[in-house]
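# Residue-level structure breakdown
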Amino acid sequence: MPPWREVNHEINLVDDDKRYHYHIPARCPHSLRDELREKTQRYLRAGWWEACTVEQAAPLLCVPKKDGKLRTVVDLRQHNDNTVKDVTPLPDQELIREDVARGPCQCRLVLGSL
């Protein structure tokens, strides 16, 4: 978990005790297994992933990219259906720029060669 900060992101669930029923997808193709092992070890060494035992885990899918490398995708659709939808829209950036432009102080940056 990341360190506790002044402002923290939180995802609220509709039902905290919901059990997910995932189907097991097809296994990773033999041609991509070595790359998957290498990628998994790299993520474990970097601390992005942590080996642990859990009751439920979302399926990890192996999808080849256009350049032939491996893309790992976690199927969290059932988990996403259980989240409380945030109906607060993001602020309109254009309105923010207009408000700032009408402010008492304005600054113009000249980004040319010095």
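The following paragraphs examine the structure supplied in this document. Only a predicted model underlies this, so the values are computations on that prediction, with no experimental measurement involved.

Here we take up the overall build of the chain. Broken down by element type, the chain carries three helices and two strands. Listed by position from the N terminus, the elements making up the chain come as α-β-β-α-α. Burial status across the chain gives 11% buried among its 114 residues. Residue pairs at least 24 apart in sequence account for 63% of intrachain contacts in the chain once pairs closer than 6 positions are excluded.

Turning to the pairing of strand β2 (residues 70-74), a few remarks are in order. Bridging between strand β1 (residues 60-64) and β2 involves five bridges; their strand directions are antiparallel. Opposite Pro64, over in β2, you have Leu70 as the bridge partner. Counting the residues in the hairpin turn of β1 and β2 gives five residues, including Gly68, whose phi is positive at 95°.

Membership of the largest hydrophobic core is limited to five residues, which are Cys28, Leu32, Leu36, Cys62 and Leu70. If sequence neighbours within four positions are ignored, Leu36 has contacts with Cys28, Leu60, Cys62, Leu70 and Thr72.

The full count for this structure, using the stated rule, is two aromatic pairs. Seen in terms of ring centroids, Tyr43 and Trp49 are 4.7 Å apart; in terms of plane orientation they differ by 80°. Their pairing is edge-to-face. Since its relative accessible area comes to 15%, Tyr43 is described here as buried. Here the aromatic cluster, defined as three or more aromatic residues joined through ring pairs, consists of Tyr43, Trp48 and Trp49.

Moving on, we get to a nonpolar patch on the surface. On the surface, Leu44, Trp48, Trp49, Leu60, Val74 and Leu76 cluster together into a nonpolar patch covering about 550 Å² of accessible area. Inspection of the secondary structure assignment puts Trp48 in the loop between α1 (30-46) and β1. Here Trp48 falls in the exposed class, since its relative accessible area comes to 62%.

Position of Thr40 among the secondary structure elements: in helix α1. Look at Thr40 and you get partly exposed, because its relative accessible area is 23%. A distance of 2.8 Å separates the side chain of Thr40 from the backbone oxygen of Leu36, its partner in a polar contact.

Rules of the game
Residues numbered from 1 in each chain as written. Predicted model: local features only at pLDDT ≥ 70, side-chain atom pairs only at ≥ 80, totals over all residues. Heavy atoms only, no water. Helix = DSSP H or I, 4+ residues; strand = E, 2+ residues; numbered from the N terminus. Buried < 20%, exposed > 50% of the residue type's maximum accessible area, 1.4 Å probe, protein only. Contact = heavy atoms within 4.5 Å. Pairing = 2+ DSSP bridges. Core = buried A, V, L, I, M, F, W, Y, C linked by side-chain atoms within 4.5 Å. Phe/Tyr/Trp six-rings, centres within 6.5 Å; stacked < 30°, edge-to-face > 60°. Patch = residues over 30% accessible without salt bridge, like charges linked within 9 Å, V, L, I, M, F, W, Y side chains within 5 Å. Areas by Shrake-Rupley, 256 points an atom, 1.4 Å probe, with all protein chains shown as cover. Salt bridge = Lys/Arg side-chain N within 4 Å of Asp/Glu carboxyl O. Polar contact = N/O pair within 3.5 Å; in protein donor to acceptor, adjacent residues only side chain to side chain.

That's the geometry; what it means functionally is another story.
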